[in-house]
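# A closer look at the structure
Here is what each chain is made of, one letter per residue.
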Amino acid sequence: MTTQAPPLLRVNRVSKWFGEIVGCRNVSFDLHPGEILGVVGESGSGKTTLLRCLSGKLEPTSGGAEFLSKRHGPVDIFQLGEQDRRRLQREEWGFVHQNPRDGLRMRVSGGANVAEPLMSLGGRHYGQMRRATTDWLERVELDISRVDHKPRNFSGGMQQRIQIARNLIHQPRLVFMDEPTGGLDVSVQARLLDLLRELVRDLQLSAIIVTHDMGVARLMADRLLVMKNGDVVETGLTDQVLDDAQHPYTQLLVSSVLQL
Amino acid sequence: MTKKLERPMIKVEGLTKRFTLHQHGGARIGVFGGLDLEVKKGECVVLAGASGMGKSTLIRCVYGNYLTSGGSVKILHDGAEVDLAGATPQTILDIRRRTMGYVSQFLRVIPRVSTLQLVMEPLLENGVSAEEAEARARAMLASLKLPEAHWSLPPATFSGGEQQRVNIARSFVREYPILLLDEPTASLDAANRGIVVDLIKAALAKGSAMIGIFHDESVREAAATRFFEIESYKTAA
């Protein structure tokens, strides 16, 4: 089934250098429809740089990434013009930031934050958009009566839910997530992870999740990419990489996790 | 057709497994070497040997949870032999979804999902309708004598034995062609062990192929169609 479908994203030897300093080096992988890829490694390993390159936020130094676009067919996202790339980001992708403030507009209401992607994609029917917004606020388990409150009046966990709704309402095919539960209390984190997992499975999304948390990786990802100093040092099925790590660095990461 | 029936569901050839512990000066721990094992439909091969001989390791290699250090593990999937050593992660996940189930001693599930939903999940993943999945999940939970009041709750707060029964229900409800059982009855009482033995026998009668590890001697004797001694493949540490 998944074995037959062509990859949604083909990443080919992507490198990013900041002058003499390596961000990520020669990263290649395929991402299939419905697949969740976890990128793990400690801070400074290059995972966020890789994510920013692949999501078109940062120009890589070299390499290519071919995305199977609904609008364009297979396109190299780095070859696209600025306008087409922005349209692709808006129409077919989502990006969930670690800090909801980076992904939300803080001066408009929570409801408007969720509805905005629909408006920017040409939605004009107010009633329909309102319904879609309420529907999404419910899906992320937010109190509908607070739809008109500004994001700053919500807790961190709620802000993150608004950000998730904002990034899924236009039904993207690929979602990038950078430490989506990073700044949250563990209890809030567990609920949010359950929610994300359900949504990703229900909507058959593909996702690339950057995390330094091995627990998050085990719960969310089908497959892992382990990064160290800009290089991918190990890849494989999530449970195989975590239970039978091959690379010294992966073994160190796994053995450093506290057991509860 | 009869020839096809003879093809083993699991074919392990020359399997070697060792661990290299980089955190401990690169120490190499050999588990077993040159191990051959075939399991056909309707067979339950019970792994024998003292603990530390690599019984669980063998099961994990067959599931693709551990990489092999040498040799091959071939699984009959969609009528074709797939060597896990060279298979893509996508193929291994597809095999796990449709062909091969694994029951361990531990239940590892998403925190907030209800027991009933957890048992329905493997069926839904395989395209069974929600209605049928729920009926089958209910029947399976009832046959395992898990109190109905528990079904709408996530199993996190259940006792060890109850969690283990949820685990068993999840795997047996699917009727996988291959089942790997690693101490599935470890925390069950005698009555529940008997129920699991009945489930194993029913699955074997339907043509499942199994590899099992059972600590309990009565379960071992009742479930096994033959025993496999792993000790002779033990490699020097």
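How each quantity is defined
- Residues numbered from 1 in each chain as written.
- Chains lettered and ligands numbered in written order.
- Predicted model: local features only at pLDDT ≥ 70, side-chain atom pairs only at ≥ 80, totals over all residues.
- Heavy atoms only, no water.
- Contact = heavy atoms within 4.5 Å.
- Buried area = accessible area lost by both parts, 1.4 Å probe.
- Salt bridge = Lys/Arg side-chain N within 4 Å of Asp/Glu carboxyl O.
- Polar contact = N/O pair within 3.5 Å; in protein donor to acceptor, adjacent residues only side chain to side chain.
- 1 Å grid on protein atoms, 1.4 Å probe; cavity = no way out; pocket = protein on both sides within 12 Å on 5 of 7 lines; lining within 4 Å.
- Points joined across faces, edges and corners; volume = space filled by probe spheres on them.
- Nonpolar A, V, L, I, M, F, W, Y, C, P; charged D, E, K, R; others polar.
- Buried < 20%, exposed > 50% of the residue type's maximum accessible area, 1.4 Å probe, protein only.
- Helix = DSSP H or I, 4+ residues; strand = E, 2+ residues; numbered from the N terminus.
- Pairing = 2+ DSSP bridges.
- Right-handed = clockwise from strand over helix to strand, strands pointing away.
- Axes fitted to C-alpha atoms, helices over the stretch in contact; angles between N-to-C directions.

## Thoughts on the interface of chain A and chain B
- The interface of chain A with chain B comprises 25 residues on the first partner and 24 residues on the second.
- Carbon and sulfur atoms make up 52% of the area that chain A and chain B hide from each other, which totals about 2200 Å².
- A salt bridge links Asp243 of chain A to Arg60 of chain B, with the nearest nitrogen and oxygen atoms 3.9 Å apart.
- Where chain A packs against chain B, one counts 10 residue pairs in polar contact (both at pLDDT 80 or more).

## Re empty space enclosed by the protein
All names here are of chain A.
- Evaluation of the coordinates by the stated rule reveals one cavity of 30 Å³ or more.
- As a volume, the largest cavity reaches approximately 40 Å³.
- Every residue lining the largest cavity is listed: Gly110, Gly111, Leu137, Leu142, Asp143, Arg146, Val147, Phe154 and Ile162.
- Broken down by class, the residue content of the lining of the largest cavity amounts to five nonpolar, two polar and two charged.

## With respect to the pairing of strand β7 (residues 178-182) of chain B
All names here are of chain B.
- Counting buried residues in β7 gives five out of five residues, a clear majority hidden from the surface.
- Burial along β7 is two-sided: Ile178, Leu180 and Asp182 and Leu179 and Leu181, pointing in opposite directions, are all buried.
- Where strand β6 (residues 100-103) lies against β7, four bridges are found, and the strand directions are parallel. Bridge assignment links Gly101 to a residue of β7, and that residue is Leu179.
- One ladder, built from five bridges, connects β7 with strand β8 (residues 209-213); its direction is parallel. By the bridge assignment, Leu179 is partnered in β8 with Met210.
- Handedness of the β7-helix α7 (residues 190-205)-β8 crossover: right-handed.

## Remarks on the sheet that holds strand β4 (residues 62-69) of chain A
Residues and elements named next belong to chain A.
- The strand order across the open sheet formed by four strands is β2-β1-β4-β5, and the pairing between neighbours is antiparallel. The strands lining the two open edges of the sheet, one partner per strand, are β2 (21-31) and β5 (73-76). Within the sheet, the average angular offset between the axes of one strand and its neighbour, ignoring direction, is 20°.
- As defined by bridge partners, strand β1 (residues 9-18) adjoins β2 across seven bridges and the pair is classed as antiparallel. Of the residues in β2, the one forming a bridge with Phe18 is Ile21.

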